[in-house]
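Here is what each chain is made of, one letter per residue.
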Amino acid sequence: NAGVTQTPKFRVLKTGQSMTLLCAQDMNHEYMYWYRQDPGMGLRLIHYSVGEGTTAKGEVPDGYNVSRLKKQNFLLGLESAAPSQTSVYFCASSLYTEAFFGQGTRLTVV
Amino acid sequence: SQQGEEDPQALSIQEGENATMNCSYKTSINNLQWYRQNSGRGLVHLILIRSNEREKHSGRLRVTLDTSKKSSSLLITASRAADTASYFCATPNTGFQKLVFGTGTRLLVSP
């Protein structure tokens, strides 16, 4: 049972480049989340999904897009990366109560 | 803005001592959850307390909830060096859809 898997684990982007972060869960969870974690800021919710085909904005959605075409996958896209998007990104999934987290993606935008 | 605020931001204690951290939140909740994050890793769920509960125990963890003050506390008894981590409270919105975290307490337990 893999739980929540994030791909990739590390990435360096140049300003203006695009990329997609993949989150996959094998627990049949309805809810999935993308967070970013910056020093001293805790976790901030970027986007979330309450089921296949649905997405919604969180606290800090600007500069990001998401898609949930399949129940098990939640994709986070950066269309034009900016240095302010340098962060550690965490995906999580849940079924109403406790959330299960992936190991994170450390993204650096130079 | 974030829903929860943990206090203190950092806490340093010796092994065997108790560690208490607090969480304040802003809106009505159905439940409040505590998570732990070891350095560089994903968060791990510790305990959930429902809005109609005042206290809950799990091993060395004791959580209290005061909905009138919109606050919760996490007590770790007889701390160990392995308890060194950051601790976060989290609250879902009433539809259990959005899960919003506080800013965390960094706990350092020295041998």
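Note that the coordinates shown come from a computational prediction; the quantities given were computed from them, not determined experimentally. (Residues numbered from 1 in each chain as written. Chains lettered and ligands numbered in written order. Predicted model: local features only at pLDDT ≥ 70, side-chain atom pairs only at ≥ 80, totals over all residues. Heavy atoms only, no water.)

> Describe unusual backbone geometry, naming the residues involved and giving the relevant values.
Here the amide bond leading from T7(A) into P8(A) is cis, since omega sits at -5 degrees, within 30 degrees of zero. Structurally, P8(A) is set in the loop between strand 1 (4-7) and strand 2 (10-13). For the bond running from D7(B) to P8(B), omega is 0 degrees, close enough to zero to count as cis. Summarising the element assignment, P8(B) is placed in the loop between strand 1 (5-7) and strand 2 (10-14). For N28(A), which is not a glycine, the phi torsion comes out positive at approximately 60 degrees. (Helix = DSSP H or I, 4+ residues; strand = E, 2+ residues; numbered from the N terminus.)

> Tell me about the side chain of E6(B), residues and numbers included.
All names here are of chain B. Along the chain, E6 turns up in strand 1. An unpaired buried charge is present at E6: no salt bridge exists, and R106, the closest side chain of opposite charge, is 10 Å distant. Within the local environment of E6, its side chain forms a polar contact with the backbone nitrogen of C89, the two atoms lying 2.5 Å apart. Looking at E6, its side chain comes within polar contact range of the main-chain nitrogen of T103, at 2.7 Å. Leaving out residues up to four positions away in the same chain, E6 has contacts with N22, C23, W34, Y87, F88, C89, G102, T103, G104 and T105. (Buried < 20%, exposed > 50% of the residue type's maximum accessible area, 1.4 Å probe, protein only. Lys, Arg positive; Asp, Glu negative; His and termini not counted. Salt bridge = Lys/Arg side-chain N within 4 Å of Asp/Glu carboxyl O. Polar contact = N/O pair within 3.5 Å; in protein donor to acceptor, adjacent residues only side chain to side chain. Contact = heavy atoms within 4.5 Å.)

> So, the pairing of strand 9 (residues 87-94) of chain A: which residues are in play, and what are the values?
Residues and elements named next belong to chain A. With eight of its eight residues buried, strand 9 lies for the most part within the structure. Alternating positions in strand 9 separate into two faces, S87, Y89, C91 and S93 on one and V88, F90, A92 and S94 on the other, with burial throughout. With seven bridges connecting them, strand 4 (residues 31-38) and strand 9 associate as antiparallel partners. Considered in strand 9, the bridge of Y33 is made with A92. As defined by bridge partners, strand 9 adjoins strand 11 (residues 105-109) across three bridges and the pair is classed as antiparallel. Bridged to S87 within strand 11 is L107. As paired elements, strand 9 and strand 10 (residues 99-101) share three bridges and run antiparallel to each other. When the sheet's bridge partners are listed, S94 is paired in strand 10 with A99. The hairpin formed by strand 9 and strand 10 contains four residues between the paired strands, and Y96 there has a positive phi angle of roughly 80 degrees. (Pairing = 2+ DSSP bridges.)

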